[in-house]
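Architecture and fold: a report
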Amino acid sequence: MPKVTEDVYYIPGQDEFMPDSHAYVLGKPSSTDLSLIDAGLVGKGSYKIQSIQKAGVELPAIKRIIMTHTHLDHIGCLAEILKQLPWAELWVHRLEADLLEQGDERAVYGMDMFRGFCQEQFGLEQGAFKFQVNRKLRGGETLNLDGTAWEVIHIPGHSMGSIGLYHRPMKILIPGDVVYADHAIGRFDLYGANPSELKSSLIRLAELEVDILLPGHNRIVKGLPKGYIYKTARQWEAYLE
Ligand SMILES: [Zn+2]
Ligand SMILES: [Zn+2]
């Protein structure tokens, strides 16, 4: 589990025939108040847990799991991880938290065709993604994670309850699947997606000074060029009307 900074570990997704999201662990290595950001694809729970342990982190130090959003490639192994960390709280944006609590899996699978395929592929039952959410995020709040302030930004468009986490002093942005390296952006054709909201979210993120970009997939970037997100938004603008 490589370290991005003193306070941020990076667990690369282990893609197979489907993508597995990256996960990040926020907090100082010696801390007992760590946060895991995103889980990953179905079946990747033990890989994520082992990565955490290999870095010398004791599992009880992980106090909560914060989801950037609840697509299957991010929440697929949440149950596997919670089995190992039964004390951990789950924090999700309220728009997707309400669905999870009702066992409404439309946001998890994104489309009906995909639901059938995944249920068959992974042997998932109907209602496999029903979770109690301990804290419903709204966007606009500042989380105190191990003494470090992380701002929550609601950035819908890829999914309705997508959030970004922003550490202003070090200019670190965790945008989930909203924006990636190499001027890529998240898809906007799944349940709860909305192209014009995605455009507004990108513009919103473009206003932040970002030096370290830690997206849900593909490579992470240190030393992000100035204006990178704005340029990305402009490149995609015509598709996001
Ligand atoms: Zn996604
Ligand atoms: Zn993803």
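Our subject in this report is the structure included herewith. (Residues numbered from 1 in each chain as written. Chains lettered and ligands numbered in written order. Predicted model: local features only at pLDDT ≥ 70, side-chain atom pairs only at ≥ 80, totals over all residues. Heavy atoms only, no water.)

Right, let's get into the coordination of the zinc ion (ligand 1). Reference values for coordination geometry: four tetrahedral donors around a metal ideally subtend 109.5 degrees, six octahedral donors ideally subtend 90 or 180 degrees. Within the protein, the zinc ion (ligand 1) binds to H69 (NE2), H71 (ND1), H158 (NE2) and D177 (OD); these donor distances fall in the range 2.1 to 2.4 Å. Around the zinc ion (ligand 1), the four donor atoms sit at angles spanning 90 to 168 degrees, and that spread fits a shape best called irregular. One chain supplies every donor for the zinc ion (ligand 1), spaced along it as H-x1-H-x86-H-x18-D. The two metals, the zinc ion (ligand 1) and the zinc ion (ligand 2), are separated by 3.5 Å and share D177 as a common coordinating residue. Taken as a pair, H69 in the loop between β5 (62-66) and α2 (72-75) and D177 in the loop between β11 (172-174) and α7 (195-206) lie far apart in primary sequence, 108 residues in all. For the pair H69 and D177, a shared accessibility class is recorded, and that class is buried. (Donors = N, O, S within 2.8 Å, 3.2 Å for Na, K, Ca; no water. Tetrahedral: all angles 85-135°; square planar, octahedral: opposite > 155°, others 65-115°. Helix = DSSP H or I, 4+ residues; strand = E, 2+ residues; numbered from the N terminus. Buried < 20%, exposed > 50% of the residue type's maximum accessible area, 1.4 Å probe, protein only.)

Once that is clear, we can look at the pairing of strand β2 (residues 8-11). Neither face of β2 is left uncovered, since the one carrying V8 and Y10 and the one carrying Y9 and I11 both have all their residues buried. Between the end of strand β1 (residues 3-5) and the start of β2, which pair antiparallel, lie two residues. With four bridges joining them, β2 and strand β3 (residues 23-26) adopt antiparallel strand pairing. Looking at the pairing, V8 lines up with L26 of β3. (Pairing = 2+ DSSP bridges.)

Coordination of the zinc ion (ligand 2) by the protein involves D73 (OD), H74 (NE2), D177 (OD) and H217 (NE2), with metal-donor separations of 2.0 to 2.1 Å. If you look at the zinc ion (ligand 2), its four donor atoms make angles of 83 to 147 degrees with each other, and the shape they trace is irregular. One chain supplies every donor for the zinc ion (ligand 2), spaced along it as D-H-x102-D-x39-H.

Looking at the element boundaries, T68 is found in the loop between β5 and α2. Among the residues examined, T68 registers a relative accessible area of 2% and is labelled buried. Spatially, the C-alpha atom of T68 lies 8.1 Å from that of I174, the residues being 106 residues apart in sequence. Among residues more than four places away in sequence, those in contact with T68 are I37, D38, H74, G161, S162, I163, I174 and G176. At a separation of 3.0 Å, a polar atom in the side chain of T68 contacts the side chain of H69. (Contact = heavy atoms within 4.5 Å. Polar contact = N/O pair within 3.5 Å; in protein donor to acceptor, adjacent residues only side chain to side chain.)

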